[in-house]
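# Residue-level structural notes
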Amino acid sequence: MRTRSIARAAAAAALATFVASCGSSAAVPAGSTTSGAPALRGANGGHPIAAWMRRGSASENLLYTTGHTPSQGYEVYVLTYPQGQLVGAIDAPAEGLCADTAGNVYVLYRNAATEYAHGGTQPLRTVRIPGAETENCAVDPTTGNLAVTFLCPPCGYQNLAIFPPGSGEPTRYQAPLAYGVTYDNLGNLFLDYDTGSGTEMAELPSGSSQFITISLDKGVGEVGSIQWDGKYVTVQNLRPPVTISRISINGSTGTIVSQSKFGPYMRYASYSWLAGDGTVTFPFARHGDQTNQLGIWKYPKGKYPAHRIKNFGDGGTGFGAVTVSLAPSSLHSRR
C-alpha cells in the first residue's frame, strides 16, 4: 500500500535521504550478502542496470519496499522477511505495492499496475488507467480481480478500477474518496477514508455495483491502510498513538471491537501491511514525518516491534510503500 497527503509527503522526505547499496544480477552469487556489492543504478535518472535477485530467494518469504535517491530514482527493493536482508531489486519506479494470496506482487506507478511473480524481476503483465495516478491496490482472493484506487481529475470522479484476471479492461466506479482498499475472504471490497469530521468506510458487496456507506462508532485518527486480518476488517491510524482497529460490520454500522497499539516512541507511521502470518509491518518515524525505519510487529499483540530495520547495504535508508509476499511453501502450510 502507499501513503496519501501528509503520509505521501512524509515518505518522500524520508526517501530523499535514501542511499541504496545493492548488487547486479551478474555480480551477486547465491548465498552472498549485500555488503560490498556494487551500487544499483536506477530507473529514474540513474545509469541503466538490470534488476537482480539472489539465487534461491523465491523459496523465502520476501518483503518488498520502495526506495528513492536523487541519482537513482525510485526502485523496489526486496528483503528477506522478517530478517531484513537485502536479496534483490526491481528496476522500476513505484509508489504503491500490494500482494495476492499466491505471492504475486503488484507495483503501482503513475497510471499503471505491474504484476511480478514472487521473487521474479520480469513483469508478468501491466494494466493501465489512462490519465490516472494510481494509489492503492488489493486482490480478491475469490476471483483474482485486481482493485486499484486512483486519482484522476479528467475521469469524471471515477476513482476505483477493478481488473479481471488477464484483462486490461477494468470496470470503473465512482467510490467515496477511496483512500485504502481491501477484500475480505468472501470477495467483498472495502474502502476507508476521512470525511474531515470522522472516519467512514464503504463496502462493495461481492457481485454488486452499489456501495454501502459504513459509519464507525468512533474515529480512528488519521486514516491509513485498510486490510482484512482473517476475521475483521481493520483500519490503521497513522499518528500517535499508532493503532490498528478491528471492526465488526453490521449493515451500515461499523463497531470497533478492539485495537492494537504500536510504539510508543513513534511520531508517525506509513501504511501497514498485514502479512497473514501473524505479523504486521510498516515504515515509521521516531522524529518528524520521515519514515526512515521499518518495524515488524506480532499481530494483534502490537506494542514493541519484534524486528526493526534501519539500514541495509552501506547507506542510510528511507522506506515508502511495503508489502509482504509469502513463499509458495508458506502459503501451502497455512491452508
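Residues numbered from 1 in each chain as written. Predicted model: local features only at pLDDT ≥ 70, side-chain atom pairs only at ≥ 80, totals over all residues. Heavy atoms only, no water.

This part is about the pattern of salt bridges. If you walk through the whole model with that rule in mind, you get three salt bridges. Between glutamate 115 and arginine 125 there is a salt bridge whose closest N-O contact spans 3.2 Å. Taken together, the residues glutamate 115 in strand E7 (residues 112–116) and arginine 125 in strand E8 (residues 125–128) connect sequence positions ten residues apart. The residue arginine 239 makes a salt bridge to glutamate 222 at a minimum N-O spacing of 3.2 Å. (Salt bridge = Lys/Arg side-chain N within 4 Å of Asp/Glu carboxyl O. Helix = DSSP H or I, 4+ residues; strand = E, 2+ residues; numbered from the N terminus.)

If you walk through the whole model with that rule in mind, you get two disulfides. Each sulfur in the disulfide pair cysteine 152 and cysteine 155 lies 1.9 Å from the other. Of note, the bridge from cysteine 152 to cysteine 155 carries an S-S torsion of about 60° and is right-handed in sense. Just as cysteine 152 is buried, cysteine 155 falls in that class too. If the cysteines joined by disulfides in the protein are listed in sequence order, their pairing comes out as 1-2, 3-4. (Disulfide = S-S within 2.5 Å. Buried < 20%, exposed > 50% of the residue type's maximum accessible area, 1.4 Å probe, protein only.)

Turning our eyes to something else, we now look at the nonpolar core. Leu63, Tyr64, Leu146 and Val148 are the most contacted members of the largest nonpolar core, which has 47 residues in total. Residues contacting valine 148, with those up to four places away along its chain left out, are Leu108, Ala113, Ile129, Thr134, Asn136, Cys137, Asn159, Leu160, Ala161 and Phe163. Formed by 30 residues, the second largest nonpolar core is a distinct cluster that contains Ala175, Tyr193, Ile214 and Leu216. (Core = buried A, V, L, I, M, F, W, Y, C linked by side-chain atoms within 4.5 Å. Contact = heavy atoms within 4.5 Å.)

Moving on to the pairing of strand E19 (residues 242–250). With five bridges connecting them, strand E18 (residues 233–237) and E19 associate as antiparallel partners. Paired with glutamine 236 across the two strands is isoleucine 244, which belongs to E19. Linking E18 to E19, which pair antiparallel, is a turn of four residues. (Pairing = 2+ DSSP bridges.)

With that out of the way, let us pick up the sheet that holds strand E10 (residues 146–151). Each strand in a sheet pairs with its neighbour through backbone hydrogen bonds, running either in the same direction (parallel) or in the opposite one (antiparallel). Pairing is antiparallel in the open sheet, where four strands are placed in the order E9-E10-E11-E12. Every interior strand has two partners, whereas the edge strands, strand E9 (133–139) and strand E12 (171–173), have only one. Averaged over all neighbouring strand pairs, the angle between strand axes comes to 25°, with direction disregarded. Here five bridges tie E9 to E10, and the two strands are oriented antiparallel to one another. Residue pairing in the sheet places glutamate 133 in a bridge with leucine 151 of E10. (Axes fitted to C-alpha atoms, helices over the stretch in contact; angles between N-to-C directions.)

To continue, consider the environment of alanine 178. By the element assignment, alanine 178 lies in the loop between E12 and strand E13 (180–183). What makes alanine 178 buried here is its relative accessible area of 0%. Distance from alanine 178 to asparagine 136, taken between C-alpha atoms, is 8.9 Å for residues 42 residues apart in sequence.

For the structure shown, the criterion picks out five aromatic pairs. Aromatic pair phenylalanine 262 and phenylalanine 282: ring centres 5.4 Å apart, planes at 85°, arrangement edge-to-face. Here phenylalanine 262, found in strand E20 (residues 253–262), pairs with phenylalanine 282, found in strand E23 (residues 279–285); they are 20 residues apart in sequence, far enough to count as distant. Looking at phenylalanine 262, the relative accessible area reads 5%, which means it is buried. Taken together, the aromatic side chains of Phe262, Phe282, Phe284 and Trp297 make up a single cluster linked through ring pairs. (Phe/Tyr/Trp six-rings, centres within 6.5 Å; stacked < 30°, edge-to-face > 60°.)

Turning next to unusual backbone geometry. It is generally the case that most residues other than glycine have a negative phi and that most peptide bonds are trans. The amide bond that connects tyrosine 81 to the next residue, proline 82, takes the cis arrangement and shows omega of 10°. For the peptide bond that leads from proline 240 to proline 241, omega is -5°, which places it in the cis range. Relative to the elements of secondary structure, proline 241 occurs in the loop between E18 and E19. A positive phi angle is found at arginine 110, which is not glycine, with a value near 50°. Position of arginine 110 relative to the elements: it lies in the loop between strand E6 (105–109) and E7. The class for arginine 110 is exposed, based on a relative accessible area of 55%.

Everything listed here is a matter of coordinates, which is why it stays silent on function.
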